Structures are given as structure tokens and as C-alpha cells.
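Understanding the architecture of this molecule
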Amino acid sequence: MARKFLPKVATGNHLLEGDVVYFTAQGGWTRLHEEAAVAETPEAADALLAQASAFPQEIVGVYLADAELTEEGPQPVHFREAFRTRGPSNYFHGKQAEL
Amino acid sequence: MYDYSNFDADFVHSRVAEFRGQVERRLDGSLTEDEFKPLRLMNGLYLQLHAYMLRIAVPYGTLKSRQMRQLAYIADTWDKGYGHFTTRQNIQFNWPKLKDVPDILEALADVEMHAIQTSGNCIRNVTADHFAGAAADEIEDPRPTAELIRQWSTDHPEFAYLPRKFKVAVTGSPNDRAVTKAHDIGLRMVRNEAGEPGYEVVIGGGLGRTPMIGKVVRDFLPKADLLAYLEAILQVYNLSGRRDNKYKARIKILVHETGLEELREQIEANFERQSRLLPDVDPAIVARIEASFAEPEWDTREAPAPVLEAGLKSFVDTNVTAHKQPNYAIVSVSIKPIGGTPGDATSAQMRALADLAEKYSHDELRISHEQNVILPHVHRADIPAVYAALREAGLATANIGLVSDIIACPGMDYCALATARSIPIAQQISEVFSDLDAQRDIGPLKIKISGCINACGHHHVGHIGILGLDRAGVENYQITLGGDGTETATIGERTGHGFAYDEIVPAVERLIETYLEIRETAEETFLQTYRRTGADPFKTALYGEENKANAA
């Protein structure tokens, strides 16, 4: 049975800083997951990935990640993506300290 | 210790300049990411979960004070004020910016350090016994051998693109503190019947998804034949090692699939050719290397009678090891404070360690594969002063070899390959067993945690090994028992199904409670008990009497 399609956000890392970033509906990049553009169909996800991959001099390693739609914006589904939104467990470092 | 020649210095500085140009070309768009990635990896620069990570070689774990101070300077100037010592005797910085990395490499080159061959399918940083040159049980100092291999393997044109990464470890002691049997090549210094020093050569060890204990391919290799024999092994592997599947590309798979006897014949035949083509290792080069590892000028003061206050006595009991000089001792500094991150040292702690090494350890430091720092040559009269300074720096935890001296890989808190976190599990276990008296009652116990099957945390050779995995989008932790990374190396046995994040620490507690109940004497260690009883009582502790049969 085909797996149910989950909404997607496009994410990658900033070339200079290494930070985790998300592609926005305005065609730019944000460090906040809840500001990410969301694709709700497979076709929209393909288009989102294509758009997000068009910044090779700024963003690297772009891929699609599952997301859950909430009133506060999209939230990560997998724990790996949840860690990427904040930073490591052992120090108050990364986005949790910087944003 | 080894002093770099002008050739070495020029070579490392020229590599920095080369990388600086590569970064500039990446930033101006002349290089694509696909073109740049292998170049940055050749200089130890990874892109991890939250940021870049720079892995710096500490060859055979040996550092001078000024090198440790430079690492502290790098931590403060370009990172977040700390560094992470790894199980391969490297140090990693977790937050560098791409544009700063050439400057970091320049700062390293200024103190004869680099990040070359800390990544890629090449011969990686050679590791060695962290007590090298100091241990009372040593046949010979393994560091001249490791340095010879470093010089031979650095930028070796034939072995720059091997089927996979290749790891070599050297020990000069019959008590293996370098986990040589879990390396692609392990070299154990031995003497033949005539009393001549040489090597027992072990090949095909490795952990990861197919853990294997290495096999002896040569009982005795004369020292002069070392490089020709290494060339012979590497050539056979380079030619025949699988390249169709990265998971099967290690020499351990070649040994397993070809068979040790056939592979030995190939290596020996190749060695015959090599030893005709290559001259023996130049004795002048060996002499120069050995001279640079000459013993320090020993302080001839008599060691004082041990009058020890309680805290110091505990520290001496656990963190101090016999030195080959009776008036000296080896001091292991735990980088595993209760609740801390295994292997992390702040820049202030690095400077404190550098100061101590300069003042009390003939300017020498070692990094252990167990993620601790060693002061190898401390006069026994100075131990109280060293202990006091370590306490002030927050580095006096008396837990070496005990339950809270845990190896843990960075796991999913940092590593892009990881599938679960390691660090919080280690932190929780050390907090549960925070009482050092209770730890001493439990006795020697090695817990090792990996956040994925690549096994950087050496979980396969932990007395209690913990492997973090992703099970249907949830962190899950498998336990292995009975692993051993020493001269009696053994791969641990998997107990059964894994445990959820909030179940794994109680499971470890049950294992240790069971051990305390069933050990025959207070001196019987966890590993001895496990070997005596087998897994059965421990499986009962983990899964209950009724469920243990179905646990797998």
C-alpha cells in the first residue's frame, strides 16, 4: 500500500554558516521552521524542491522533510528534524541560543 | 617528542594555502558543492547537523603544551569555547564557519598540527597506546613506529583513494590500550626468541555494521620490514577490496570473504616483491625519529611516603597508573565529569591541562581513545599539587575505568550520520551513578554508546554497549553485553529488542544491580561475572524471566 503523503518543507544548510535553513513561500530562506513554505501534494513538493535547489551558492544539501501543519505553522514530524530546529541537547547552543 | 622538519612545516603550510584557494573558489562560485565537498573532506571539514565540524589530527594522541594552548585559542576565537576529544585521538570543533577554516588551519600549522587525512578513503590518523613512552608494562615506545607510519602514509599517492577509510593502531605493551584488534591493521610490539623487537601484525578488525576482531597475519615482523609489509597489505587491499558496496569495502570483509590463509599468501608474495623493490626503512630516518622521542630528563627526587587525604586517595586509586620510572606516575585526567559530555573540554580546561603538563609532565599530554587526557610523566611528589590544580579546573573526577567513564560518540546532537542521541544517555547514566563510592563498589566497568551502526562509540567492545537507532521515527537503544576492547578482545552479544529513550537508563541500572547481586566476590568484575554466568541472568534483568526468550 502506498505510504500516505505527508506535507513537506524544503530544508538545507547555509553554505557559509552551516546553519539549518528552510525555504519560504516568498522564495527566500529562514532559520525558523514555522516560517517554511509547505507543500501539501507530491507535485507541489517536487516544485518546492526544484525552487529551493536553485541557490547553490548560498544553500547546500537541500532536501524535503515531513512536516505537520499547526496553527503556529509547520512543525517537524521526525525527531531528527526537531533537533535541527533548535540545536544540541547538551549545550544551549545553536538556534535555541541564537534565535 | 617529534619535532617537525622544515619540510613538514612547508608541506602543511602549503596545504593550508591550497585549501584557502579552494574555499575562495567555492565562495566565488568557481567550484560547485560537488566539486568542493571532497576537497573540504580532505582537510577534515564536514557539514554536520547544525554546523560545520572540523576534525583535527592528534597523531598517536601526543600533544605538547603549546599545541593544547593553540587548540584553546581556536576554541575561543573561531568556535564556542570548547572542543571534543574523540575515540580516534582527534579533536573536533563543532561550530566553525566555512570562511574561518583556512585561518584555523593556519593556526594549527603554526604549532605543527593539521587536519589532513582525518577524513576520506585514505590511511587515517595513526593511533597508539595513550600511555606510550611511560607505561611500566611497555616493551617499547610505540610512537616512533606510529610516527614512521604517519610520515609514510601522509599524502602517499598510491593509497589516497582506497576502497574505504583505513585505520592503523600501534601498541608497545602486551596490555592492549589501543584496541588494536578492532583496526584495519593492528601492530603489537613483541620480541622474538632472540629477544629482538618486532611486530605481531593483525588485520581485518573493525566495528561498524559488521564488527570483527582482527586476525594475526604475521606472528613476528622484524622492525626493518615494517613499511614493505604495510605496502604489501595495502596493495592487496587496494587491488582486491570491494568497491561495489561501501559497506563491504573494508579489509575485514576482504579477510572474511577471501579467507585469512589465502590472503596471507597474497600478502607474503607481495611482500617478497616489495622487500626487493623497497630498501629497508632507512636507519638514519628511524634514528632521527627515535631521538625525537627520547626520554625526558627524569627528576631524581625520591617519591615521598603516601600521606593521602580521602579525596586525593580516591583520585590516586582510580586515576593514577604505574610508570616505568618508580618515582613517577601516569595521571589520567577524566574528561567525564558527572553529567558532562564525554570528551568535551573547555578552553579554560585545555589551558589548565597545558599549564600542568608544562609544569609537572615534561611538557607532554596524551589524548586517549577513551576520550580522556593523560599527563604521562608526573613525579609522585607532585601528585598532590596536580590534583589540587585539577580540582580547581573541574577536572579531578576520580572515575577512570568506572561506570561513569563512558565513551559516547557525538550522536544525533551533532552528527549527520547518527540515528539517535548518545550524549544525553551518557549524561543520565553518569548522574544515576554519581556517587563515586558506589562506582568504586561496582568496580571496573566500560559502558560505550554509539548513536548509529558506524560504532564510533565502540559499543561492540563495551562491557555494556548501547547502540542508538531510529525505530519508526523514535529513538531506540539496543544493548550488547560482554564486549572487550583489550588484548582479549571480544565483540559483545546483543541481548534482544531495544529500549525507548526513557527506558534505556533504567535498563542499564537493572544490569548493574544484577551484577552486584550475582558476583561471587567484590573483586569479580562485571566482565568476569558475565563471562562466568553468560547472558541469562542479565537477559532476565532486562526482559523478565518470561519474556527473555522472545526478546530478540
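Keep in mind it's a predicted model, so treat the numbers as computed, not measured.

Thresholds, definitions, all that
- Residues numbered from 1 in each chain as written.
- Chains lettered and ligands numbered in written order.
- Predicted model: local features only at pLDDT ≥ 70, side-chain atom pairs only at ≥ 80, totals over all residues.
- Heavy atoms only, no water.
- Helix = DSSP H or I, 4+ residues; strand = E, 2+ residues; numbered from the N terminus.
- Buried < 20%, exposed > 50% of the residue type's maximum accessible area, 1.4 Å probe, protein only.
- Contact = heavy atoms within 4.5 Å.
- Areas by Shrake-Rupley, 256 points an atom, 1.4 Å probe, with all protein chains shown as cover.
- Lys, Arg positive; Asp, Glu negative; His and termini not counted.
- Charge placed at Lys NZ, Arg CZ, Asp CG, Glu CD.
- UniProt positions renumbered as here; feature names shortened; annotations may be inferred.
- Salt bridge = Lys/Arg side-chain N within 4 Å of Asp/Glu carboxyl O.
- Buried area = accessible area lost by both parts, 1.4 Å probe.
- Polar contact = N/O pair within 3.5 Å; in protein donor to acceptor, adjacent residues only side chain to side chain.
- Domains from an automatic or database assignment.

Overview of the overall build of chain B
Along its length, chain B carries 17 helices and 21 strands. Based on the C-alpha atoms only, the size of chain B along its principal axes is roughly 60 × 60 × 60 Å. Taking all 552 residues of chain B together, the buried fraction comes to 62%. Relative to all contacts within chain B whose residues are 6 or more apart in sequence, the contacts with residues 24 or more apart total 68%. Total accessible area computed for chain B in this model is approximately 20600 Å², and 51% of it derives from carbon and sulfur atoms. Counting 59 positive and 78 negative side-chain charges, chain B places the averaged centre of each group 4 Å from the other.

Structural notes on the side chain of Arg250(B)
Mapped onto the elements, Arg250(B) comes out in the loop between helix H6 (226-240) and helix H7 (251-258). Setting aside residues no more than four positions away along its own chain, Arg250(B) makes contact with Arg164(B), Lys165(B), Lys167(B), Asp184(B) and Tyr237(B).

Points about the UniProt feature "domain: Nitrite/sulphite reductase 4Fe-4S" (unreviewed entry) in chain B
All names here are of chain B. Mapped onto the present numbering, the UniProt feature "domain: Nitrite/sulphite reductase 4Fe-4S" (unreviewed entry) falls on residues 119-273 and 405-542. Structurally, residues 119-273 is divided into 31% helix and 18% strand, and its ends, taken at the C-alpha atoms, are 30 Å apart. As annotated, residues 405-542 has a helix share of 36% and a strand share of 19%, and its two end C-alpha atoms lie 22 Å apart.

What about the pattern of salt bridges?
The final tally for this structure, using the stated rule, is 44 salt bridges over all chains. Across the salt bridge formed by Glu17(A) and Lys97(B), the nearest N and O atoms sit 3.3 Å from each other. Here the residue Glu17(A) occupies a position in the loop between strand S1 (8-14) and strand S2 (20-23), and Lys97(B) occupies one in the loop between strand S5 (90-93) and helix H4 (101-109), the pair thus bridging two chains. According to the relative accessible area criterion, Glu17(A) is partly exposed, its value standing at 23%. Taking the shortest distance from any N to any O, the salt bridge between Arg150(B) and Glu147(B) comes out at 2.9 Å. Note that Arg150(B) and Glu147(B) are positioned in helix H5 (residues 143-153) at a spacing of three residues, about one turn of the helix. Look at Glu147(B) and you get buried, because its relative accessible area is 0%. Salt bridges linked by common partners bring Asp141(B), Arg143(B), Glu364(B) and Arg366(B) together as one network.

Some details on the interface of chain A and chain B
Counting from both sides, the interface comprises 24 residues of chain A and, opposite them, 35 residues of chain B. Taken together, both faces of the contact between chain A and chain B bury some 2400 Å²; the carbon and sulfur share is 56%. Across the contact surface, chain A and chain B share two salt bridges. With a closest N to O distance of 2.9 Å, Glu98(A) and Lys80(B) form a salt bridge. At the surface where chain A touches chain B, the tally comes to 13 residue pairs in polar contact (both at pLDDT 80 or more).

So, the domain arrangement of chain B
Residue and element names in this part refer to chain B. What the domain assignment reports for chain B is domain 1 (6-110), domain 2 (142-285), domain 3 (310-393) and domain 4 (407-550). Look at where the C-alpha atoms of domain 1 and domain 2 centre, and you get two points 28 Å apart. Both faces combined, the contact of domain 1 with domain 2 buries some 700 Å², and carbon together with sulfur accounts for 57% of it. The largest contributions to the domain 1 side of the interface with domain 2 come from Phe11, Tyr60 and Arg88, which together make up 64% of the buried area. For the pair domain 1 and domain 2, the number of links is one salt bridge.

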